[in-house]
Amino acid sequence: MTARPYVLLSCAMSIDGYIDDASTERLLFSNDSDFDRIDAVRAGCDAILVGAATVRRDDPRLLVRSDRRRADRVAHGLPPSPVKVTVTGSGDLDPTARFFTLGDGAKLVYCPRGAVEKTREQVGAVATVVDAGDPVTPEAVLADLAARGVRRLMVEGGGSVHAQFLAAGLADELHLVVAPFFVGDGRAPRFVADGRYPWHPGRRARVVEVRQIGDVVLTRYALSDRCDGRGGG
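Novice: So what exactly am I meant to see when it comes to the overall build of the protein chain here?
Specialist: For the protein chain, the count of helices and strands is seven helices and nine strands. Taking 233 residues into account, the globule formula puts the C-alpha radius of gyration at 17 Å, and the protein chain, at 17 Å, falls close to it. Dimensions of the protein chain, computed from C-alpha atoms along their principal axes, come out at roughly 45 × 45 × 40 Å. Counting only residues that meet the buried cut, the protein chain has 49% of its 233 residues in that class. Taking contacts inside the protein chain between residues at least 6 apart in sequence as the whole, the part at least 24 apart equals 69%. Per element, the accessible surface of the protein chain, about 11,500 Å² overall, is 50% carbon and sulfur.

Novice: Sorry, what's going on with the sheet that holds strand 3 (residues 83–87) here?
Specialist: Pairing between the strands of a sheet is mediated by backbone hydrogen bonds and can be parallel or antiparallel. The strand order 5-4-3-2-6-1-7-9-8 describes an open sheet built from nine strands, whose pairing is mixed. Each edge of the open sheet carries a strand with a single partner, namely strand 5 (128–131) and strand 8 (206–213). Across the sheet, the axes of successive neighbouring strands diverge by a mean angle of 20°, strand direction being ignored. The pairing of strand 1 (residues 6–13) with strand 6 (residues 152–155) spans four bridges and is classified as parallel. Bridging from a neighbouring strand, tyrosine 6 pairs with arginine 152 of strand 6.

Novice: Explain the side chain of histidine 162 to me, please; I cannot follow it from the model alone.
Specialist: Tracing the chain through its elements places histidine 162 in helix 7 (residues 159–167). Reaching out from histidine 162, the side chain makes a polar contact with the backbone oxygen of valine 155 at a distance of 3.1 Å. With residues up to four places along the chain from it excluded, the contact list for histidine 162 reads Leu9, Ser10, Cys11, Val155, Glu156, Gly157, Phe191 and Val192.

Novice: In this structure, what is going on with the packing of aromatic side chains? I would like to understand it.
Specialist: The relation between two aromatic rings is expressed through the spacing of the ring centres and the mutual angle of the planes. Applying the stated criterion to the full structure yields two aromatic pairs. Ring plane angle 20° and centroid distance 5.4 Å describe the contact between phenylalanine 29 and phenylalanine 181, whose orientation is recorded as stacked. On the criterion of sequence distance, the pair formed by phenylalanine 29 in the loop between strand 1 and helix 1 (32–43) and phenylalanine 181 in the loop between strand 7 (173–178) and strand 8 is long-range, its members being 152 residues apart. Overall, the relative accessible area of 27% leaves phenylalanine 181 in the partly exposed class. Arranged with centres 4.9 Å apart and planes meeting at 75°, the rings of phenylalanine 99 and phenylalanine 100 form a pair that is edge-to-face. For the pair phenylalanine 99 and phenylalanine 100, one class covers both residues: buried.

Novice: How should helix 5 (residues 116–123) be read in this particular structure?
Specialist: Structurally, the α-helix is built with 3.6 residues per turn, so residues lying three or four positions apart point the same way. Among the residues of helix 5, those classed as buried are Val116, Thr119 and Val123. Seen from one end, helix 5 has its buried residues packed into an arc of 65°, which puts them on one side. Projecting away from the buried face of helix 5 at angles above 90 degrees are the exposed residues Glu117 and Glu121. At its buried positions, helix 5 is contacted by helix 4 (98–101), strand 4 (107–111) and strand 5.

Novice: Teacher, can you tell me more about the pattern of salt bridges here?
Specialist: If the charged atoms of two oppositely charged side chains come close together, the side chains can form a pair. Tallied over the full model, the rule gives 16 salt bridges. The salt bridge partner of aspartate 20 is arginine 57, with a shortest N-O separation of 3.3 Å. One end of the pair, aspartate 20, is in the loop between strand 1 and helix 1; the other, arginine 57, is in helix 2 (residues 52–58), and 37 residues separate them in sequence. Accessibility expressed as a relative area gives 40% for arginine 57, which makes it partly exposed. Salt-bridge contacts for glutamate 156 lead to arginine 42; the nearest nitrogen and oxygen are separated by 2.7 Å. Taken together, the positions of glutamate 156 in the loop between strand 6 and helix 7 and arginine 42 in helix 1 put the pair 114 residues apart, joining distant regions of the chain. Among the charged side chains, a salt-bridge network with shared partners connects Glu173, Glu209, Arg211 and Arg220.

Definitions and limits used
- Residues numbered from 1 in each chain as written.
- Predicted model: local features only at pLDDT ≥ 70, side-chain atom pairs only at ≥ 80, totals over all residues.
- Heavy atoms only, no water.
- Helix = DSSP H or I, 4+ residues; strand = E, 2+ residues; numbered from the N terminus.
- Rg over C-alpha atoms; globule rule 2.2 N^0.38 Å.
- Buried < 20%, exposed > 50% of the residue type's maximum accessible area, 1.4 Å probe, protein only.
- Contact = heavy atoms within 4.5 Å.
- Areas by Shrake-Rupley, 256 points an atom, 1.4 Å probe, with all protein chains shown as cover.
- Pairing = 2+ DSSP bridges.
- Axes fitted to C-alpha atoms, helices over the stretch in contact; angles between N-to-C directions.
- Polar contact = N/O pair within 3.5 Å; in protein donor to acceptor, adjacent residues only side chain to side chain.
- Phe/Tyr/Trp six-rings, centres within 6.5 Å; stacked < 30°, edge-to-face > 60°.
- Arc of directions from axis to C-beta.
- Salt bridge = Lys/Arg side-chain N within 4 Å of Asp/Glu carboxyl O.

Structure representation (structure tokens):
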């Protein structure tokens, strides 16, 4: 059986644990130096995964931005940017979103069996739609990605997706950036919701690194024995 990909979770949040506010505008937590670090981490991965809600709300590009890093990937026989991956329960995706229109690499959309037809109608012309069973689980997604040759997966959110990987014990490393401000709005989404997670007072995650990057702080946590310590950018 092919080993599941190494899973690296990446998240930025406010001091009070929010990953966005309640407005329709995108709230930025990182600074330019941290965005460059994230770019380096992306360049070292085979695929990047975000939830469909993040595709709809943030319209992310999910591309390696640095010319040098793209060229280095190509020199090693890789596409300029990692494979883009999203998971949807409803198939409600816009084919003109930047997730689909930017970059020449593969785009994969995982959905439950009952939503396959709708998802293919929506984005089948611009992405590969994968029937991931019902319900879609992180285990099923990882198994399919492994079969496609993905060895290192970066999960960039949102909170629901992060919570699923964490609760399933399928995260190897977490990069958590804290921005120096509060959101203070209970309507806004937090990093993860209530749940049962493998790390608790009796099983504490191991801190690999703490680093100040301008006005934000990065903490890297090892969440499994697979943590290789090389994902800090």
